[in-house]
Every structure is written in C-alpha cells, then in structure tokens.
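Commentary on secondary and tertiary structure
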Amino acid sequence: VFAVDSVPAVFGVTENPLIVWSSNMFAILGLRSLYTILSKAAADLKYLEPAVALVLGFIGSKMIAEYFGNELPTIYSLVVVATLLGGGIILSIYEKNQESVEDVIIDVEENEN
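Residues numbered from 1 in each chain as written. Predicted model: local features only at pLDDT ≥ 70, side-chain atom pairs only at ≥ 80, totals over all residues. Heavy atoms only, no water.

As for the overall build of the chain
In terms of regular secondary structure, the chain is built from four helices and zero strands. Each helix and strand of the chain, placed in order from N terminus to C terminus, yields the pattern α-α-α-α. For the chain, the C-alpha radius of gyration of 19 Å lies well beyond 13 Å, the compact-globule estimate for 113 residues. For the chain, the spread of C-alpha atoms along the principal axes amounts to about 65 × 35 × 20 Å. (Helix = DSSP H or I, 4+ residues; strand = E, 2+ residues; numbered from the N terminus. Rg over C-alpha atoms; globule rule 2.2 N^0.38 Å.)

Points about the packing of helix H3 (residues 48–67) against helix H4 (residues 74–112)
The N-to-C vectors of H3 and H4 enclose an angle of 165°; their axes lie 8 Å apart at closest approach. On the basis of the axis angle, H3 is roughly antiparallel to H4. Crossing angle aside, the handedness with which H3 passes H4 is right-handed. Contacts between H3 and H4 involve Leu48, Ala51, Val52, Leu54, Val55, Phe58, Ile59 and Lys62 from the former and Ser77, Val80, Val81, Leu84, Leu85, Gly88, Ile89 and Ser92 from the latter. Looking at the contact of H3 with H4 residue by residue, the classes come out as twelve nonpolar, three polar and one charged. (Axes fitted to C-alpha atoms, helices over the stretch in contact; angles between N-to-C directions. Parallel < 35°, antiparallel > 145°, perpendicular 65-115°, else oblique. Left-handed = near helix turned anticlockwise from the far one by under 90°. Contact = heavy atoms within 4.5 Å. Nonpolar A, V, L, I, M, F, W, Y, C, P; charged D, E, K, R; others polar.)

Here we look at the side chain of Lys62
Summarising the element assignment, Lys62 is placed in helix H3. Its relative accessible area of 5% is what places Lys62 among the buried residues. With sequence-adjacent residues up to four places away left out, Lys62 is seen in contact with Gly12, Leu72 and Ser77. (Buried < 20%, exposed > 50% of the residue type's maximum accessible area, 1.4 Å probe, protein only.)

What about H3?
The end-to-end C-alpha separation of H3 is 29 Å, in line with the 28 Å expected for 20 residues at 1.5 Å each. The complete set of buried residues in H3 reads Leu48, Ala51, Val55, Phe58, Ile59, Lys62 and Glu66. Take H3 and look down its axis: the buried residues cluster within an arc of 95°, on one side only. When the buried face of H3 is taken as reference, the exposed residues oriented beyond 90 degrees from it are Glu49, Leu54, Ile64 and Tyr67. Within two residues after H3, Gly69 carries a phi angle of roughly 95°, on the positive side. (Expected span 1.5 Å × (residues − 1). Arc of directions from axis to C-beta.)

Quick word on the pattern of salt bridges
Overall, the coordinates contain two salt bridges when judged by the stated rule. With a shortest N-O distance of 3.0 Å, Lys46 and Glu95 are connected by a salt bridge. On the criterion of sequence distance, the pair formed by Lys46 in the loop between helix H2 (17–44) and H3 and Glu95 in helix H4 is long-range, its members being 49 residues apart. Lys62 is paired through a salt bridge with Glu66; the nearest N and O atoms lie 2.6 Å apart. (Salt bridge = Lys/Arg side-chain N within 4 Å of Asp/Glu carboxyl O.)

Quick look at the structure:
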C-alpha cells in the first residue's frame, strides 16, 4: 500500500512497463527505509505538501487530457514536476531563514534595551 499513489504519477510520465514496474519496486523498497527522513522533511518544509498536491493534480489532469487525445511530451511533465517540488522546497527554506533572521533581530533589539 505504501507506493500505491506513485502508480498514477509514473503513468503520467511514461507508459513503458519496465520503468513503471521498476520505479514502483524501488519506491516500495526505498521509501520504507526513508520514511522517517521524509516525515521529518515534510514537517520542516512547510510548502512541500502543497507542492506535492499540485504535482498530483497536474499528473491527474495530464492523464485526463491524454485520455481525450491531448499529448504532453515527457520532458514538459518532468519540468513541471521538478519546478513545483523545487519551488515548494525553496520557498519553505526561504521562509524558514526569514523567520530565523527575524528572531535574531528581535534578540538583538532586546539585548540593546
């Protein structure tokens, strides 16, 4: 059950059966051991979950569009996915750094008074 959600995502990128099967096997084997790291990352990265939701929405839309005959090249799909996930991670790190800078400024102002 752990990697079931990755099946539609892989089919959104490619229909090659070898890639679909192998990516899901690696997901099942690898994500179990990385679950604690991923859960901590999700807790630390505020915008990671919304970025993943947008990725899943994009993949779902792409699959519906392909059902009706509209093809989107794989490279464009990968660029959209990488941009959304990277943007979520970068925005989370940026906001976390801004909060730490504000905390330092507040501490400095308190020490001056």
